[in-house]
Amino acid sequence: MTERSGQAGDATEGPVPTTPVCYRHPDRETYIRCTRCDRPICPECMRDASVGHQCPECVAEGRRSVRPARTAFGGGAAGRQGYVTKALIALNVLVMLLSIASDRGGDAAAGGSGFGGLMGGSTPLTNWGAVLGQAMFPDGTVGGVAEGQWYRLVTAMFLHYGLVHLLLNMWALWVLGRTLEAVLGPLRFLALYLIAGLGGNVAVYLFSAPNQPAVGASTAIFGLFAAIFVIMRRLGRDTSAIVPILVINLIFTFTVPGISVAGHLGGLVVGAMMALVLAYAPRMRRTVFQAAGGAILLVALIGLAVVRTAALLG
């Protein structure tokens with residue numbers, strides 16, 4: 001039987017093995033592969049994953065497919081950083097500085113009335129932006145919300161009579177705001193703050209003397225007090241520590257001269273109503289319900305202001 005043998009050591013008949021290279025950097029050899037797409041990746045392209053490493057494209061695709069974290073009430077998780085609370089404080093401080101700069105009499109920071117003079121006095125800026133129903137100014141002109149200066153219902157919540165007035169409100173905003181923003185999310189918290197502040201200012205317009213000006217973030221702050229009570233109750237948490245603080249603030253509201261009772265109570269009531277909308281919205285259509293509830297409150301407040309205007313002009 002005849003046997004045939006080939007040539008020993010002949011390497012030309014099989015495939016030549018090659019070293020894998022990074023799919024993004026062909027000049028770099030690598031033996032590491034993406035755990036999702038199995039493409040070779042160099043150390044520069046590696047992204048740590050729960051198991052192994054992934055390439056930049058697979059990491060980006062994974063991020064797009066993952067739903068962003070939401071709070072219990074549908075808000076964004078970015079609220080944990082407290083960006084809106086910090087921005088509101090910064091805005092109030094900036095407006096206070098502008099108010100002091102506008103004052104030539106020197107009583108913006110101290111002096112004036114309230115708390116032995118420490119509440120500060122009015123300035124050209126507070127005169128321009130305070131809630132004022134209708135009054136005649138020293139130059140003989142008539143102004144106020146009833147005269148078409150509707151902006152006063154918003155600007156008043158960012159103005160303060162003196163540094164102590166500002167510091168008290170900003171401390172309360174810092175304590176309450178961070179908690180509520182983390183639970184509600186940035187947009188919902190901002191809506192709560194603005195609607196509560198507007199509600200308090202509309203109450204001032206409705207129930208205070210037309211020629212009595214009022215400013216301060218306390219309209220919104222009292223709304224936050226009411227909201228944190230409603231939110232904590234909705235989450236099943238203990239609210240025993242909140243009630244005494246709220247009661248103390250209400251006592252101050254009714255006993256300390258110069259404080260707007262209507263503004264504080266208006267902010268408290270509207271803040272509670274907005275918090276109920278945010279906390280008890282049906283889960284299936286939560287965002288729609290919350291937006292609609294906020295819009296209804298806003299329209300109702302504007303309607304009340306319109307009625308008050310008609311009464312003053314009539």
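Refer to the structure printed above.
Residues numbered from 1 in each chain as written. Predicted model: local features only at pLDDT ≥ 70, side-chain atom pairs only at ≥ 80, totals over all residues. Heavy atoms only, no water.

(A) Layout of the overall build of the protein. In terms of regular secondary structure, the protein is built from ten helices and four strands. Listing each helix as α and each strand as β along the protein from the N terminus yields β-β-α-α-α-β-β-α-α-α-α-α-α-α. Across the protein, contacts joining residues at least 24 apart in sequence account for 62% of those joining residues at least 6 apart. Accessible surface computed for the protein: about 17,600 Å², of which carbon and sulfur atoms make up 63%. (Helix = DSSP H or I, 4+ residues; strand = E, 2+ residues; numbered from the N terminus. Contact = heavy atoms within 4.5 Å. Areas by Shrake-Rupley, 256 points an atom, 1.4 Å probe, with all protein chains shown as cover.)

(B) Focus on the environment of Ala262. Tracing the backbone through its elements, the reader meets Ala262 in helix H9 (residues 261-279). Taking C-alpha positions, Ala262 is 5.5 Å from Ala203, a pair spaced 59 residues apart along the chain. Filtering out sequence-adjacent residues up to four positions away, Ala262 remains in contact with Gly200, Ala203, Val204, Phe207 and Ser208.

(C) Representation of the nonpolar core. Residues Leu173, Tyr193 and Leu224 are the most contacted members of the largest nonpolar core, which totals 57 residues. Those elements that provide at least two residues to this core are helix H2 (83-102), helix H5 (163-184), helix H6 (186-207), helix H7 (218-234), helix H8 (242-255), H9 and helix H10 (286-313). Cys22, Cys34, Cys45 and Cys58 belong to the second largest nonpolar core, which has seven residues in total. (Core = buried A, V, L, I, M, F, W, Y, C linked by side-chain atoms within 4.5 Å. Buried < 20%, exposed > 50% of the residue type's maximum accessible area, 1.4 Å probe, protein only.)

(D) Up close: the packing of H5 against H6. Contact geometry for H5 and H6: axes closest at 7 Å, N-to-C directions at 135°. Relative to H6, H5 is oriented oblique. Taken as a pair, H5 and H6 cross one another with a handedness that is right-handed. In contact with Leu173, Gly177, Leu180, Glu181 and Leu184 of H5, H6 contributes Pro186, Arg188, Phe189, Leu192 and Tyr193. (Axes fitted to C-alpha atoms, helices over the stretch in contact; angles between N-to-C directions. Parallel < 35°, antiparallel > 145°, perpendicular 65-115°, else oblique. Left-handed = near helix turned anticlockwise from the far one by under 90°.)

(E) Up close: the packing of H9 against H10. Relative orientation of the contacting elements H9 and H10 amounts to 160°, with a least axis distance of 8 Å. The angle between H9 and H10 places the two elements in the roughly antiparallel class. Crossing of H9 against H10: the hand is right-handed. Residues Val270, Met273, Met274, Val277 and Leu278 of H9 form the contact with H10, whose participating residues are Phe289, Gln290, Gly293, Gly294, Leu297 and Leu301. Looking at the contact of H9 with H10, its residues break down into eight nonpolar, three polar and no charged. (Nonpolar A, V, L, I, M, F, W, Y, C, P; charged D, E, K, R; others polar.)

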